[in-house]
Every structure is written in C-alpha cells, then in structure tokens.
Number of protein chains: 2
Amino acid sequence: MTVGELGEFGVVSRISGRLPQGATVLLGPGDDAAILRAPDGRVVVTTDMLLEGRHFRRDWSSPYEIGRKAAAQNLSDISAMGAVGTGLFVGLGIPADLPVAWLDALIDGLRDECDLVGASLAGGDVTRSASVVLGVTALGDLQGRSAVLRSGARPGDVVAVAGSLGRSEAGLRLLLAGLSGFDDLVEAHRRPRPPYREGPRAAALGATAMLDVSDGLLQDLGHICAASGVAIVLDPVEAPDDLAAAAKALGADPVDWILTGGEDHALAATFPSGVVLPSEWRIVGNVAEGDGVQAGGRENVRGGWDHFRG
Amino acid sequence: MTVGELGEFGVVSRISGRLPQGATVLLGPGDDAAILRAPDGRVVVTTDMLLEGRHFRRDWSSPYEIGRKAAAQNLSDISAMGAVGTGLFVGLGIPADLPVAWLDALIDGLRDECDLVGASLAGGDVTRSASVVLGVTALGDLQGRSAVLRSGARPGDVVAVAGSLGRSEAGLRLLLAGLSGFDDLVEAHRRPRPPYREGPRAAALGATAMLDVSDGLLQDLGHICAASGVAIVLDPVEAPDDLAAAAKALGADPVDWILTGGEDHALAATFPSGVVLPSEWRIVGNVAEGDGVQAGGRENVRGGWDHFRG
C-alpha cells in the first residue's frame with residue numbers, strides 16, 4: 001500500500017500509532033500542538049532540513065537508517081549544549097507513491113534514536129512532495145546546568161573529542177566507489193552513533209566550549225576559535241587501522257577524513273587543563289592565543305562542507 | 001546577488017543580522033542550538049512543512065507574504081492551545097540562484113509576524129534545494145493557564161469563532177481565475193491575520209475546546225466532535241457582502257467557502273453556555289449529543305483539504 005492510498009489522515013493516524021510517548025511529553029500528536037515538560041525553565045532548540053538526494057539517498061540507506069540519522073544529527077546538537085533531548089518534531093514531505101512500509105520504518109528509526117536519550121517523537125506534519133523532505137526539530141532540557149557555548153574556550157584549555165571522526169566520510173567514499181569489505185565504515189555513514197551522554201557530562205565537568213562535529217573537525221573547531229577569539233593547535237593525528245586500510249584501498253589520506261569528514265557527530269570540547277577526563281574523551285590538542293586551527297601543516301586542507309558551494 | 005554567490009555561511013550570517021532577539025530568547029542563532037525561556041515549565045510546540053508549488057507560489061505571493069504566512073500558520077496553532085508564541089525555528093531549502101533580496105524579504109516576513117506576538121525567529125538551518133522548502137517550528141508558553149485541547153467540548157456548550165472564514169479560499173479562487181477587483185480577499189489569501197490574542201483569552205475565559213481553522217470549518221470542527229465525542233450543530237451562515245460579490249462573479253457559493261475554505265487561521269472554540277464572550281468572538285452554533293457537524297443540510301459538502309487526495 002502507498003501513502004497516497006492511505007490518505008493524509010490515515011498516514012497521520014498510522015504514524016501516531018507507532019509512537020508511544022515518554023515521560024517528557026504532556027501531550028503528544030493529535031492536537032494543534034504538542035506540550036513537553038521544560039522543568040529547567042529554559043528550553044534548548046535546534047532544527048535541520050534534510051532533503052533526499054542531498055542529505056540521504058533511498059538507494060543507499062534504508063528508511064530506518066535515514067530516520068535514525070535524521071534524529072541523531074539533531075539530538076547531537078542538543079547534547080553539544082550540555083542538554084538532554086526531550087522531544088523531536090518532524091515535518092515530512094513524501095511522494096504519494098511512497099510505500100507505507102517505507103514510512104513505517106522511517107518513523108521507527110526516528111523513534112528508536114529518540115529512545116537512546118529518553119526523548120519522544122511528539123509531533124509533526126505530513127504533506128505531499130515530489131521527493132522525501134524532512135524538517136526535524138529537537139528540544140532539550142538543561143537540568144539546571146549552564147549551557148556550554150562555542151565562545152568560552154580560553155588559552156591553556158585542552159581540546160578533547162568524544163566519539164568517532166572520519167568514519168562517516170570513509171563510508172561515503174566507499175559507497176561512491178562501490179567498494180565492499182568495510183562494513184563498519186559504511187554502517188558509520190548510514191547511521192552515526194553520537195556520544196549523547198558525553199555532552200551533559202562534559203558540561204558537568206566544566207567544559208568551557210563544546211560543539212557537535214557535523215561539518216569536519218577543522219571547520220567546526222574553527223567555529224570555536226572564531227567565537228572564543230583563540231587558536232587551537234591540534235596534536236598529530238593517527239588513523240585507526242580500518243580507516244587506514246579503507247583509505248589505502250581508495251588511494252585516499254585517512255587523516256584528511258579525520259580532519260575534514262563530516263556527519264560522525266562526535267563532540268569536540270575544550271576543558272580547563274586540570275580537569276581529569278573520563279576515558280570516553282581523548283585529548284586532541286590545546287587552546288592557544290591567536291586565531292584559527294593549526295594541524296601540523298594541514299590547516300589548508302579543504303575545510304569541510306558548504307551546502308551552496310560543495 | 002544570489003544565495004549561491006554568497007555561500008552557506010554568508011547566507012546564515014546575513015539572516016542572523018536581520019534578526020534582533022527579544023526577551024524570550026536567552027541564546028539566538030549561531031551555536032549548536034538556541035535557548036528560549038520556558039517560564040511555565042511546559043513548552044507548546046508545533047511544526048509545519050511548506051513546499052513551493054504546493055503551499056505557496058513565488059509568482060503569486062511576495063517573499064515577505066510567504067514569510068508572514070508561514071509564521072502565522074504555526075503561531076496560530078500555538079494560540080489555539082491558549083499559549084503565547086515565544087520562538088520560531090525555520091529549516092530552509094533554497095535554490096542557489098535565488099536572489100539574496102528574496103531571502104531577505106522572506107526572513108523579514110517571518111520576523112515581522114513573530115513580532116505580533118512577542119516571539120523571535122531564534123534559529124534555523126539553510127540548505128540547497130531545487131525549489132523553496134520551509135520547515136517551520138513554533139514554540140509557546142502557557143503562562144500558567146491550562147492548555148485548551150480538542151477533547152473538552154460538552155453538550156450544551158456554545159461554539160464560537162474569532163477571525164475570518166472563507167476569505168483566503170475566495171482569494172485563491174480569484175487568483176486562479178485571474179479576476180481582479182477584490183483586493184481585500186486576495187490579500188487575505190496572501191497573508192492571513194490570525195486573532196492571536198484570542199487564544200490565550202479564550203483559555204482564560206474557560207474555553208472547553210479550541211483549534212485553529214486551517215483546513216475548513218466543517219472539517220476542523222469535525223476534529224473537535226471526534227476528540228470530544230459530541231455533535232456540533234451550526235447556525236445558518238450568512239456571507240459578508242464582499243465575499244458574496246466575489247462568489248457571484250465566479251459563479252460560486254460563498255457559504256461553501258465559509259464552511260470549507262482553509263488557511264484563514266480563525267480560531268474556533270467551545271465555551272460553557274453561560275460565558276459572556278468578548279466582541280471578537282461570534283457564536284456560530286452549539287454542541288449537542290451525537291457525532292459530526294450538522295450545517296443545515298450542508299454537512300455533505302466537500303470536507304476540506306487532504307494533502308494526498310486533494
């Protein structure tokens with residue numbers, strides 16, 4: 001059956017039926033608006049627009065993976081503020097000939113990624129579109145913590161990363177080349193695994209600046225440099241074995257992937273130098289006076305993704 | 001200049017520069033996420049997806065009008081819960097050849113509509129798209145009031161409407177027919193004027209159910225009937241002079257427009273029969289035992305808009 005055969009209200013009702021609402025939700029789908037708890041008295045909000053052909057391909061990713069990824073990239077932004085996700089809202093444009101089973105799997109992916117942080121897919125909108133379009137908005141609660149902005153890094157701080165880097169880019173390159181044998185990397189492209197808990201944890205540990213690495217480490221650390229008025233000097237980078245092997249097979253440089261690859265949704269943060277970091281965080285450099293990111297002569301490599309120029 | 005020439009970060013920076021942030025915003029655009037005040041401890045959230053060619057046409061509406069309308073339809077949903085809008089978030093897909101001046105005007109329209117309720121356009125996302133796509137999310141605060149749902153109508157309640165009905169549909173029909181001479185109606189299609197203040201006011205007056213009339217009065221009151229387990233009996237409807245004149249010119253029935261036309265974003269609410277209503281509210285019927293909307297034999301007219309079947 002297609003969504004066109006089901007009709008708009010059938011689709012909405014079917015989606016709602018797949019969405020148990022968690023403790024953060026006071027009113028879920030079905031009214032003019034949803035109501036979420038905001039116990040902190042402040043609400044953290046981020047939104048992303050994802051387009052078929054540009055941000056995902058239906059022939060490369062399953063609908064379940066697309067759903068997980070769409071939720072992950074927004075919930076990771078919430079985590080990068082030091083907050084915990086509470087609710088997700090999805091505006092959805094879909095073709096009338098889309099199989100209902102495809103839509104079901106997309107919704108399940110969104111829902112299951114929300115489950116990882118205790119958030120709920122609590123509302124949305126469905127309309128007809130020539131291709132699949134998702135407008136995803138995530139909300140989060142700071143639980144009394146100070147938000148960690150991009151602007152608080154100070155010379156002398158250490159720079160640390162939680163989560164993986166370069167693996168999504170490697171997976172994308174493998175898919176583009178049609179090269180098999182590196183399933184973990186392809187899986188990393190299809191479904192990022194943001195270290196959600198590390199955002200609030202870093203905030204509690206006194207992180208001075210933090211962000212979600214979505215456009216490449218060099219470019220994203222550059223945002224911290226610009227917002228904080230500092231320089232960041234990266235330590236030499238070493239590629240894990242599977243990343244090095246995939247790069248060799250493709251004739252690419254794995255360090256470029258690590259420094260400029262996007263979409264892994266690692267967290268990068270700066271901490272006062274005395275802070276003892278949990279093992280999930282690895283120190284990758286330090287903050288200095290000056291401006292821009294220095295990476296052992298690599299600071300001039302292509303600096304990540306521009307949606308209009310890329 | 002086009003947005004492609006300006007580049008993604010140039011576009012983001014240009015948009016942010018047009019957006020002063022109001023008192024509800026603790027952190028505006030520029031970080032991983034924005035932070036809004038949520039003083040009530042509950043946050044009301046709604047989202048809509050708007051696609052060029054389906055929800056608006058660039059040759060029929062100016063970018064400023066498209067921005068106002070996109071904000072209005074979401075802020076009206078917030079009002080229909082009895083809440084006051086605090087922030088708007090917009091995911092934006094735009095073609096690389098879009099003139100920057102068009103984008104400026106769209107943002108100004110979104111911003112100016114937010115101003116009407118004291119909300120701010122506090123964040124967003126920009127990506128490249130073949131046509132213009134907007135994913136709009138609005139947040140609101142209940143200010144201590146109980147939310148007014150669709151499910152609280154009781155037999156004996158009166159049904160009342162604030163705001164206009166059928167005027168947007170009339171404007172659309174006039175545009176489709178290329179008929180001039182009814183500027184007010186065309187303007188009503190291009191830019192709805194939701195009665196924002198009446199939502200919180202109705203909540204304070206004890207409204208038992210309320211919603212935003214976006215898909216046509218009959219269809220939307222049907223949602224109250226279904227959610228509340230009641231029937232609604234509408235009084236005979238009379239068309240205002242200009243609506244009647246436009247309908248005559250097009251050979252149409254103005255009462256059909258009033259009962260089934262969408263996008264005016266009036267508020268419809270039910271109130272206990274004893275409540276004295278302010279002049280902004282006009283009584284249009286009453287709530288009875290049973291189910292469905294009865295409108296003097298017109299209950300079988302086309303019941304509003306289905307995005308997959310319409």
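About the thresholds
Residues numbered from 1 in each chain as written. Chains lettered and ligands numbered in written order. Predicted model: local features only at pLDDT ≥ 70, side-chain atom pairs only at ≥ 80, totals over all residues. Heavy atoms only, no water. Least-squares fit on C-alpha atoms with pLDDT ≥ 70 in both. UniProt positions renumbered as here; feature names shortened; annotations may be inferred. Helix = DSSP H or I, 4+ residues; strand = E, 2+ residues; numbered from the N terminus. Buried < 20%, exposed > 50% of the residue type's maximum accessible area, 1.4 Å probe, protein only. Contact = heavy atoms within 4.5 Å. Buried area = accessible area lost by both parts, 1.4 Å probe. Salt bridge = Lys/Arg side-chain N within 4 Å of Asp/Glu carboxyl O. Polar contact = N/O pair within 3.5 Å; in protein donor to acceptor, adjacent residues only side chain to side chain. Nonpolar A, V, L, I, M, F, W, Y, C, P; charged D, E, K, R; others polar. Pairing = 2+ DSSP bridges. Axes fitted to C-alpha atoms, helices over the stretch in contact; angles between N-to-C directions.

Draft legend 1. Layout of the relation of the copies chain A and chain B. Overlaying chain A with chain B gives an RMSD of 0.0 Å, the required rotation being 180° about an axis along which the chain moves by 0.0 Å. Such a combination of turn and shift is consistent with a two-fold rotation axis.

Draft legend 2. Focus on the UniProt feature "binding site: Mg(2+) 3" (unreviewed entry) in chain A. When the UniProt feature table is mapped onto this chain, "binding site: Mg(2+) 3" (unreviewed entry) is found at A:D32, A:D77 and A:D212. For this annotated set, covering 181 residues, the C-alpha atoms extend up to 31.9 Å from each other, a dispersed arrangement in space. By secondary structure assignment, the location of A:D77 is in helix α3 (residues 63–79). Judged by its relative accessible area of 9%, A:D77 is buried. Setting aside its immediate chain neighbours within four residues, A:D77 contacts A:T46, A:D48, A:D212, B:D32 and B:A33. Within the element layout of this structure, A:D212 appears in strand β8 (residues 209–213). Under the relative-accessibility criterion, A:D212 is labelled buried at 2%. When residues no more than four places from it in sequence are discounted, the contact partners of A:D212 are A:Q73, A:S76, A:D77, A:A80, A:D220, A:H265, A:A266, A:L267 and B:D32.

Draft legend 3. Representation of the interface of chain A and chain B. Contacts between the two partners involve 70 residues from chain A and, on the opposite side, 69 residues from chain B. Buried surface at the junction of chain A and chain B, summed over both partners, amounts to about 5,100 Å²; 60% is from carbon and sulfur atoms. The interface formed by chain A and chain B includes four salt bridges. Residues B:R150 and A:D32 are paired through a salt bridge, measuring 3.3 Å at the closest nitrogen-oxygen approach. Linking chain A with chain B are 21 residue pairs in polar contact (both at pLDDT 80 or more). Counting residues per element, the side of chain A that touches chain B draws most heavily on strand β3 (residues 42–51) of chain A, at nine residues. Tallied by class, residues from the side of chain A that touches chain B come to 37 nonpolar, 17 polar and 16 charged. The sheet contact formed by strand β2 (residues 34–37) of chain A and strand β3 (residues 42–51) of chain B spans four bridges and is antiparallel. In the sheet register, A:I35 faces β3(B), and the bridge partner there is B:V44.

Draft legend 4. Quick look at the environment of A:A33. By the secondary structure assignment, A:A33 is in the loop between β1 (25–27) and β2. Residue classification places A:A33 among the buried positions, given a relative accessible area of 4%. Sequence separation between A:A33 and A:G123 is 90 residues, and the spatial gap between their C-alpha atoms is 7.4 Å. If sequence neighbours within four positions are ignored, A:A33 has contacts with A:L27, B:V44, B:V45, B:T46, B:D77 and B:M81.

Draft legend 5. Quick look at the pattern of salt bridges. Scanning all chains against the criterion turns up 36 salt bridges over all chains. The salt bridge involving A:E187 is made with A:R193; its shortest N-O contact spans 3.2 Å.

Draft legend 6. Representation of the sheet that holds strand β8 (residues 209–213) of chain B within the structure. Residue and element names in this part refer to chain B. Ordered by their spatial adjacency, six strands build an open sheet running β8-β10-β7-β11-β9-β12, and the pairing between neighbours is mixed. Since the sheet does not close on itself, it has two edges, and those belong to β8 and β12 (292–294), each with one partner. If you compare each strand with its neighbour and ignore which way they point, the axes differ by 25° on average. Strand direction decides the pairing type here: β8 and strand β10 (residues 266–271), joined by five bridges, are antiparallel. Counterpart to V213 in the pairing with β10 is A266. The strands touched by helix α3 (residues 63–79) are β8 and β10; relative to β8, the strand with the most contacts, the crossing angle is about 175°.

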